[in-house]
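Single-letter residue listing:
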Amino acid sequence: MAIGLESIERQVEEQAGAWHRVCAVEELEFAWGEAALVDGRQLALFRLESGEVYAVAQQDPATLSNVMARGITGSRGGRPTIASPLHKEVYDLQTGECFTTPGLRLDCFATRIVDGNLEVAV
Amino acid sequence: MNAHTTSPNAPRRIVVAGGGPAAHRFADAMHTRGLDGWQVTVLTEEAHLPYDRVALSKALTDMEYDLTLGEAAMWDHEALDLRTGERVVKIDPDARTVETAAGNTYGYDALVVATGSNAARLPIPGAEHTHVYRTLEDVWAINGAITALREKLGREVTAVTIGGGLLGLEAAAGTEQLGATPVVIDGANWLMATQLDEGAGQALGRLIKEKGFEIHGGVFPSEVLSDDDGQVTGVLMADGRTIAADIVIVAIGVRPRDELFRAADGEEQLFSLGPRGGVVIDEGCQTEIPGIYAIGEVANFGGMCLGLVAPANTMAEIVADRLHGGQATFPGFDTATKLKLSGVDVASFGDAFAETEHALEIVYADPARGVYQKIVTTDDAKTLLGGIFVGDATPYMSLRPLLGRELPAEPGAFLSAAGGGEAPETELPDDAILCSCNNVAAGSIRDAINGCGSCEGNAPVQDLGELKSCSRAGTQCGSCVPMLKKLLEGELKKSGVEVSKALCEHISLSRQELFETIRILELTSFEEIMAKYGTGAGCDICKPTIASILASQHSAYVLDAGRGTLQDTNDRALANMQKDGTYSVVPRIAGGEITPDGLAVIAAVAKKYGLYTKITGGQRIDMFGARLEQLPEIWKELVDAGFESGQAYGKSLRTVKSCVGSTWCRYGVQDSVAMAINLELRYRGLRSPHKLKMGVSGCARECAEARGKDVGVIATADGWNLYVGGNGGATPAHAQLLAKDLDDDTLIKYIDRYFMYYIRTADRLQRTARWQEELEGGLEHVRQVVVEDSLGIADELEAAMAKHIGTYRDEWAETLKDPERLRRFRSFVNAPDQKDDSITFVPERGQIRPATNEEKGKVLIGATIPVRGDAG
């Protein structure tokens, strides 16, 4: 999954939206999640050590509080993950699937980097 | 009450006379077998639910200790009727009724007498001024008397215990725990003469003397002396000596309470009684009158009555089985005993005195070290008949279940003290009894581990706690728990389940190993550690653990150099995240001492930002409802006014709670507030495997509830008593006494060592109570490390603490100084001035609270809260 920094494009199923420029990718510290406000919607952004940038819903599916950016990133058997900071449910950053509580799902959004800027499809 | 109404469909009425452990076990055994068609009425004169008498010493040292046996909820069953304050005084076998002292009559179809024993009284003058050691009321009275005497006399109390057997030594050890000077008077030539041979008894005597007990053996007391007020002054001995005493406890044995079976004058004696009392029972635990059973200490089997819990439990099970049509028989008494007194191990089992013909005794005795170990075998040295262990009872646990079986190695190999090292590995046969209190065989434990279906859900039980409650092994005296753990680990290994101490899928080391590795190799970053010892990207388990270890060792600002991404929820924002994603703010209020000006600052800040305020359990003020981006400005105001972070968000020292102490209180004997502030400022910011709390009380009244804390300090006239390992939480624990009458410097030195040793060796999220319970050697080991420096690391531990103290910086002051650090508190990376408008509050009792999702018009979909049992 080696993807160049210059044109990261992530296709997420059933996710078709307009591309929005969010911020310079350099604004994101590695593995430190940040919240973003995109088209009226709260997103959580994660830039991993590998260079990949993920955008998911900021809303915690288990509690509906807007906190996901403040969780801990990691991996599970090779899949990149984010753990909710409230009750630690662990989600796949690529698919939004929850590893720990069946039935929960985190919305995921496609990302790409254009001229050093992060764009998200919402 | 009409006792005679029976119809074919009416439930069978069982009446149990007595409400001790045997009665409880019987009710429990009936309950387990199903109570359909039964009505069980338990008549007890005591005011309590049946409680664990074996653990009475815990209630002696801690009046609050709950000794209730089993689940109290069991008694809510409609077919179980426990009536307290009802003492059975008469049996009418013809009418099949019993009568109670209160004048009530109960009819029965079967009667189970479990009246137990009375403590034997001394037949000497002055005996009326003595205490006995048998019931909760007895031990509470002893506790109260020692406390009152200490206050009245203004010095340490001398507590004389008459009786050097199991109970006597336990009582004496309890008085020592309570701070009294323990003296034991024993008529026999050596201690525990019923269980130990002379060599072992002498070894035990020496060990106990070393612990500060005064022992007078081989001579009988002839009078308990007292002054005109009835206050005990001493014990006059048969040889003319007087031994000073402030309180005298008599623990010379028990007498079966068999009055119910004794005929009144002029009536026919219906029951046979043993020569020293107790009603004679057959192997089905039935007396000579059908339908009348006797179990526990009142029952005489084979000419013997015995005050041990294991046979009482067995008898209770047998009667329940027989009532259900079974044919269980009582196999005879198991007299094995194990005792731990002030850290001295004593165990005796089987044919301890080698009375079997041609029995061999393999003995290792080292009087200098206070160790005595003996194994008794058949004349071919193959079959294990019994043994005695004093000073080091390690082999007892693995030998005990092998009683009557062939030893897997030559006997000498089991004498660990002889330098044989670890005892040979023994694979317990399935029918070997692992837990003798509850008569649980190794085989049934294996079944549970491997999923026999005997427990709810048919799932394999592979957790020690669950295994205990499912198999009942280890739930009574607890001495078999190490064996149980070993068996569990062995079985899991066999079935291919790796017994892993690995932190998570990324780190194969345990927290302790990881801590030592990081310390010795001086690793300072997550990347370095993962490169050497990890796989993958880490997770919410290993990242915070590594962050905590790094913080414990280096005290560097926790959010710098990539460490921010490792921090758990609260540490990440240096505040406590609440359910709606807002934070609470807790400034340090050391020792709970705060000026009116300080209060005004907090009031002004809370008012300005519209925060909800509440006093915390740790004597400080918590302000709720701050948004992430508000934290820096709120903290700026607090820091400018002289406050610092209270670190309420960290797995670190929280608060040191204190009472007002000797400065104001008319009872206080030391300045508890000054000490609490001193301690809080010393250990502030210390990150640890779990949160740490402390308490300092200015006198024995203990208003600061220090014994509920990880470290509790209680003032004495001569200094401070140090208690360790107290926890609230789901399984509360009282802190245990570690050292007495310490001066300030020694107190602090010991706390330094204790905390650092805990930080180095505990598991992730393991609080001090569990840690010191699970540590090999338990509290005594902690005492040796902290007080006696048995590992030779005291200097190192103190140095590590000194380093922490020297490098402490207030995290919020540090944050506010640095714009790069402040950036982390923005609401949105692309809209830092925009606030999260999903956060809404509603008013309640004059303050705010978070709006619920319903109030916000949101509906939770698909979210379930995992319930225990759901998963498997």
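Residues numbered from 1 in each chain as written. Chains lettered and ligands numbered in written order. Predicted model: local features only at pLDDT ≥ 70, side-chain atom pairs only at ≥ 80, totals over all residues. Heavy atoms only, no water.

1. A look at the overall build of chain B
To keep things clear, this is the line we draw: For helices the rule is a DSSP run of H or I covering at least 4 residues; for strands it is a run of E covering at least 2, with both sets numbered from the N terminus onward. Radius of gyration here uses only the C-alpha atoms, and the compact-globule reference equals 2.2 Å multiplied by the residue count raised to the power 0.38. Whether a residue is buried, partly exposed or exposed follows from its accessible area with a 1.4 Å probe, protein chains only, as a fraction of its type maximum: under 20%, in between, or over 50%, in that order. Residue-level accessible areas treat just the shown protein chains as cover; the underlying method is Shrake-Rupley with a 1.4 Å probe. As used throughout, the charge tally considers Lys and Arg to be positive and Asp and Glu to be negative, leaving His and the chain termini uncounted. Charge coordinates come from a single atom per side chain, which is NZ of Lys, CZ of Arg, CG of Asp or CD of Glu.
In terms of helices and strands, chain B carries 24 helices and 38 strands. The C-alpha atoms of chain B give 31 Å as radius of gyration, which agrees with the globular expectation for 872 residues (29 Å, within 12%). Structurally, chain B occupies a C-alpha span of about 95 × 70 × 60 Å along its principal axes. Taken across its 872 residues, chain B has 53% of its residues classed as buried. When the accessible area of chain B is evaluated, it comes to approximately 37,800 Å², of which 49% is carbon and sulfur surface. The average position of the 86 basic charges and that of the 122 acidic charges among the side chains of chain B differ by 6 Å.

2. Overview of the sheet that holds strand 34 (residues 711-716) of chain B
All names here are of chain B. Here is the rule: Note on pairing: DSSP must find at least two bridges between two strands before they are called paired. To define axes, lines are fitted to C-alpha atoms, for helices over the stretch in contact only, and angles between the resulting N-to-C directions are given on a 0 to 180 degree scale. Contacts are residue-level and defined by heavy atoms, with any inter-residue pair within 4.5 Å sufficient.
With respect to topology, 5 strands assemble into an open sheet ordered 32-33-34-35-36, the strand pairing being mixed. Of all strands in the sheet, those with a lone pairing partner are strand 32 (653-658) and strand 36 (736-742), marking the two edges. Each strand of the sheet is rotated relative to its neighbour by a mean of 15 degrees, with strand direction disregarded. Sheet contacts for helix 18 (residues 744-761): strand 33 (692-697), strand 34, strand 35 (719-724) and strand 36; angle to strand 35, the most-contacted strand, approximately 10 degrees.

3. Comments concerning the packing of helix 18 of chain B against helix 21 (residues 794-807) of chain B
Helix packing geometry: the angle between the two helix axes and the distance between the axes. All names here are of chain B. Threshold: The cut-offs work like this: below 35 degrees is roughly parallel, past 145 is roughly antiparallel, 65 to 115 is roughly perpendicular, and the gaps in between are oblique. Classification convention: Asp, Glu, Lys, Arg as charged; Ala, Val, Leu, Ile, Met, Phe, Trp, Tyr, Cys, Pro as nonpolar; all other residues, Gly among them, as polar.
The geometry of helix 18 relative to helix 21 is characterised by a closest axis approach of 8 Å and an angle of 90 degrees between their N-to-C directions. Classed by the angle they form, the pair helix 18 and helix 21 counts as roughly perpendicular. Residues Lys-749, Asp-752, Arg-753, Phe-755, Met-756, Tyr-757 and Arg-760 of helix 18 touch helix 21, and the partners they reach there are Ala-794, Glu-796, Leu-797, Glu-798, Ala-800 and Met-801. Class assignment of the residues belonging to the contact of helix 18 with helix 21 gives a composition of 7 nonpolar, no polar and 6 charged.

4. Looking at the UniProt feature "domain: Rieske" (unreviewed entry) in chain A
Quick reminder of the rule: UniProt positions are given in the numbering used here, feature names are shortened, and annotations may be inferred rather than shown by experiment.
The sites that carry the UniProt feature "domain: Rieske" (unreviewed entry) are, in the present numbering, residues 19-120 of chain A. End-to-end, the C-alpha atoms of residues 19-120 of chain A are 5 Å apart, and along that stretch the chain is 0% helix and 45% strand.

5. Quick notes on helix 21 of chain B
Inclusion rule: Here, expected helix span is obtained from the residue count minus one, scaled by 1.5 Å.
With 14 residues, helix 21 of chain B should cover 20 Å at 1.5 Å per step; its first-to-last C-alpha distance of 20 Å lies within 8% of that length. Those residues of helix 21 of chain B that are buried are in contact with helix 17 (672-683) and helix 18 of chain B.

6. What about the interface of chain B and chain A?
Let me state the cut-off plainly: A 1.4 Å probe defines the accessible area here, and the buried area is the portion of it lost by two parts on being joined, summed over both. For salt bridges, the criterion is a side-chain nitrogen of Lys or Arg within 4 Å of an Asp or Glu carboxyl oxygen. Side-chain atoms alone can form a polar contact between residues adjacent in sequence; in general such a contact is a pair of N or O atoms within 3.5 Å, and within protein one must be able to donate a hydrogen while the other accepts it.
Listed per partner, the contact involves 43 residues of chain B and 43 residues of chain A. Buried area between chain B and chain A, summed over both chains or domains, comes out near 3,300 Å², and the portion from carbon and sulfur atoms is 50%. When the area that chain B buries against chain A is broken down by residue, the three leading residues are Asp-540, Arg-572 and Val-829 of chain B, summing to 20%. The tally of links from chain B across to chain A stands at 5 salt bridges. With its nearest N and O atoms 3.4 Å apart, the salt bridge here joins Glu-29 of chain A to Arg-824 of chain B. Here chain B and chain A share 21 residue pairs in polar contact (both at pLDDT 80 or more) between them. Looking at side-chain class alone, the side of chain B that touches chain A contains 13 nonpolar, 17 polar and 13 charged residues.

7. Here we look at the UniProt feature "domain: FAD/NAD(P)-binding" (unreviewed entry) in chain B
The UniProt entry lists residues 13-299 of chain B under the feature "domain: FAD/NAD(P)-binding" (unreviewed entry), expressed in the numbering used here. For residues 13-299 of chain B, helix accounts for 22% and strand for 28%, while the C-alpha atoms at its two ends are 22 Å apart.

8. Looking at the pattern of salt bridges
Residues and elements named next belong to chain B. Across all of its chains, the model carries 52 salt bridges over all chains by this definition. Salt-bridge contacts for Arg-13 lead to Asp-109; the nearest nitrogen and oxygen are separated by 3.4 Å. Here Arg-13 is found in strand 1 (residues 12-17), whereas its partner Asp-109 is found in the loop between strand 6 (105-107) and strand 7 (110-113), with 96 residues between them in sequence. Accessibility expressed as a relative area gives 18% for Arg-13, which makes it buried. Classification of Asp-109 by relative accessible area gives partly exposed; the value is 22%. Of the charged contacts, one joins Glu-491 and Arg-446 as a salt bridge, the two residues approaching to 2.9 Å between their closest N and O atoms. Here the residue Glu-491 occupies a position in helix 10 (residues 481-494), and Arg-446 occupies one in helix 8 (residues 442-449), the gap between them amounting to 45 residues.

9. Describing the UniProt feature "domain: Nitrite/sulphite reductase 4Fe-4S" (unreviewed entry) in chain B
Annotation from UniProt places "domain: Nitrite/sulphite reductase 4Fe-4S" (unreviewed entry) at residues 650-789 of chain B. Along residues 650-789 of chain B one finds 33% helix and 22% strand; the C-alpha atoms at either end are 29 Å apart.

10. A closer look at the packing of aromatic side chains
Residue and element names in this part refer to chain B. Using the following cut-off: Only rings of Phe, Tyr and Trp enter the pairing, Trp through its six-membered ring, and a pair is recorded when the two centres are within 6.5 Å. The plane angle decides the type: under 30 degrees is stacked, over 60 is edge-to-face, the rest tilted. The criterion is that NZ of a Lys, or CZ of an Arg, lies within 6 Å of the ring centre and within 35 degrees of the ring normal, and then a charge sits over that ring.
Evaluated as defined, the whole model comprises 11 aromatic pairs over all chains. With a centroid separation of 5.4 Å and an interplanar angle of 75 degrees, the aromatic rings of Phe-349 and Tyr-396 are classed as edge-to-face. Here the residue Phe-349 occupies a position in strand 22 (residues 344-350), and Tyr-396 occupies one in helix 7 (residues 394-399), the gap between them amounting to 47 residues. For the pair Phe-349 and Tyr-396, a shared accessibility class is recorded, and that class is buried. Ring geometry for Tyr-758 against Trp-771: centres 5.3 Å apart, planes inclined by 70 degrees, an arrangement best described as edge-to-face. Residue Tyr-758 is located in helix 18, and its partner Trp-771 is located in helix 19 (residues 768-774); the two are separated by 13 residues in the primary sequence. The exposure class assigned to Tyr-758 is buried, which follows from its relative accessible area of 0%. Members of the aromatic cluster, joined through ring pairs, are Tyr-683, Tyr-754, Phe-755, Tyr-757, Tyr-758 and Trp-771. Residue placement shows Arg-701 over the ring face of Tyr-667; its charged tip is 3.8 Å from the ring centre.

11. Remarks on the confidence of the model for chain B
Residues and elements named next belong to chain B. Our working rule: Each residue carries a pLDDT score, the predictor's own confidence in it, on a scale running from 0 to 100.
Mean pLDDT over chain B: 88, with 93% of residues reaching 70 or higher. Below pLDDT 50 for its whole length, residues 1-6 participates in 11 contacts with residues either more than four positions away or in separate chains. In the model, residues 861-872 has pLDDT below 50 throughout and makes 12 contacts with residues more than four positions away in sequence or in other chains.

12. Observations concerning the packing of helix 17 of chain B against helix 18 of chain B
Residue and element names in this part refer to chain B. Our working definition: Each helix crossing is assigned a hand: it is left-handed if the near helix lies turned anticlockwise from the far helix by less than a right angle, otherwise right-handed if that turn is clockwise.
Helix 18 packs onto helix 17 with a crossing angle of 35 degrees between their chain directions and a minimal axis gap of 12 Å. Handedness of the helix 17/helix 18 crossing: right-handed. Touching Met-675, Asn-678, Leu-679, Arg-682 and Tyr-683 of helix 17 are Asp-744, Leu-747, Ile-748, Ile-751, Asp-752 and Phe-755, all from helix 18. A class-by-class count of the residues in the contact of helix 17 with helix 18 yields 7 nonpolar, 1 polar and 3 charged.

13. What about the side chain of Thr-569 of chain B?
Of note, Thr-569 of chain B is situated in helix 14 (residues 569-573). A polar atom in the side chain of Thr-569 of chain B sits 2.8 Å from the side chain of Lys-88 of chain A. In terms of polar contacts, Thr-569 of chain B uses its side chain to reach the side chain of Asp-568 of chain B, at 3.5 Å.

14. A few points about the domain arrangement of chain B
Definition in use: Domains are outlined according to an automatic or database domain assignment.
Domain boundaries assigned for chain B yield domain 1 (12-119 + 256-323), domain 2 (127-252), domain 3 (343-425), domain 4 (427-498), domain 5 (511-554) and domain 6 (653-808). Of note, the centres of domain 1 of chain B and domain 6 of chain B, computed from C-alpha atoms alone, are 44 Å apart.

15. Description of the nonpolar core
Residue and element names in this part refer to chain B. Using the following cut-off: Remark: nonpolar core denotes a set of buried residues (Ala, Val, Leu, Ile, Met, Phe, Trp, Tyr, Cys) joined through side-chain atoms within 4.5 Å.
With 57 residues, the main nonpolar core has Leu-679, Tyr-683, Leu-722, Ile-751 and Phe-755 as its most contacted residues. Of all the elements, helix 18 adds the most residues to this core, at 10 residues. If near-sequence neighbours (up to four positions away) are discounted, Leu-679 is found in contact with Val-656, Met-694, Val-696, Val-713, Ile-748 and Ile-751. Judged by nonpolar contacts, the second largest core, of 55 residues, contains Ile-14, Trp-38, Leu-260 and Ile-318.

16. Concerning unusual backbone geometry
Residues and elements named next belong to chain B. Even without glycine at this site, Ser-555 takes up a positive phi of about 50 degrees. Of note, Leu-574 is a non-glycine position whose phi angle comes to about 50 degrees, a positive value. Mapped onto the elements, Leu-574 comes out in the loop between helix 14 and strand 28 (576-577). When its relative accessible area of 1% is taken as the criterion, Leu-574 is described as buried.

17. Looking at helix 17 of chain B
All names here are of chain B. Between the first and last C-alpha of helix 17 there are 16 Å, a value that for 12 residues agrees with the 16 Å anticipated at 1.5 Å per step. Along helix 17, the positions that sit buried rather than exposed are Ser-672, Val-673, Met-675, Ala-676, Ile-677, Leu-679, Glu-680 and Tyr-683. Positive phi shows up at Gly-685, right after helix 17, with a value of about 80 degrees.

18. A look at the sheet that holds strand 13 (residues 221-226) of chain B
Residues and elements named next belong to chain B. An order of 13-14-15 is seen for the 3 strands of this open sheet, with the pairing classed as antiparallel. The open sheet is flanked by strand 13 and strand 15 (242-244), the only strands paired with a single partner. The sheet shows a mean angle of 25 degrees between the axes of neighbouring strands, direction not considered. In this structure, strand 13 lies alongside strand 14 (residues 232-237), joined through 5 bridges in antiparallel fashion. Bridging across to strand 14, Pro-221 finds its partner in Met-237.

19. Considerations on the pairing of strand 25 (residues 384-390) of chain B
For strand 25 of chain B, the buried fraction is high: 7 of the 7 residues fall into the buried class. Taking the residues that link successive antiparallel strands as the turn, the strand 24 (residues 371-377) of chain B-strand 25 of chain B hairpin has 6 residues, and the phi of Ala-381 of chain B there is positive, at about 60 degrees.

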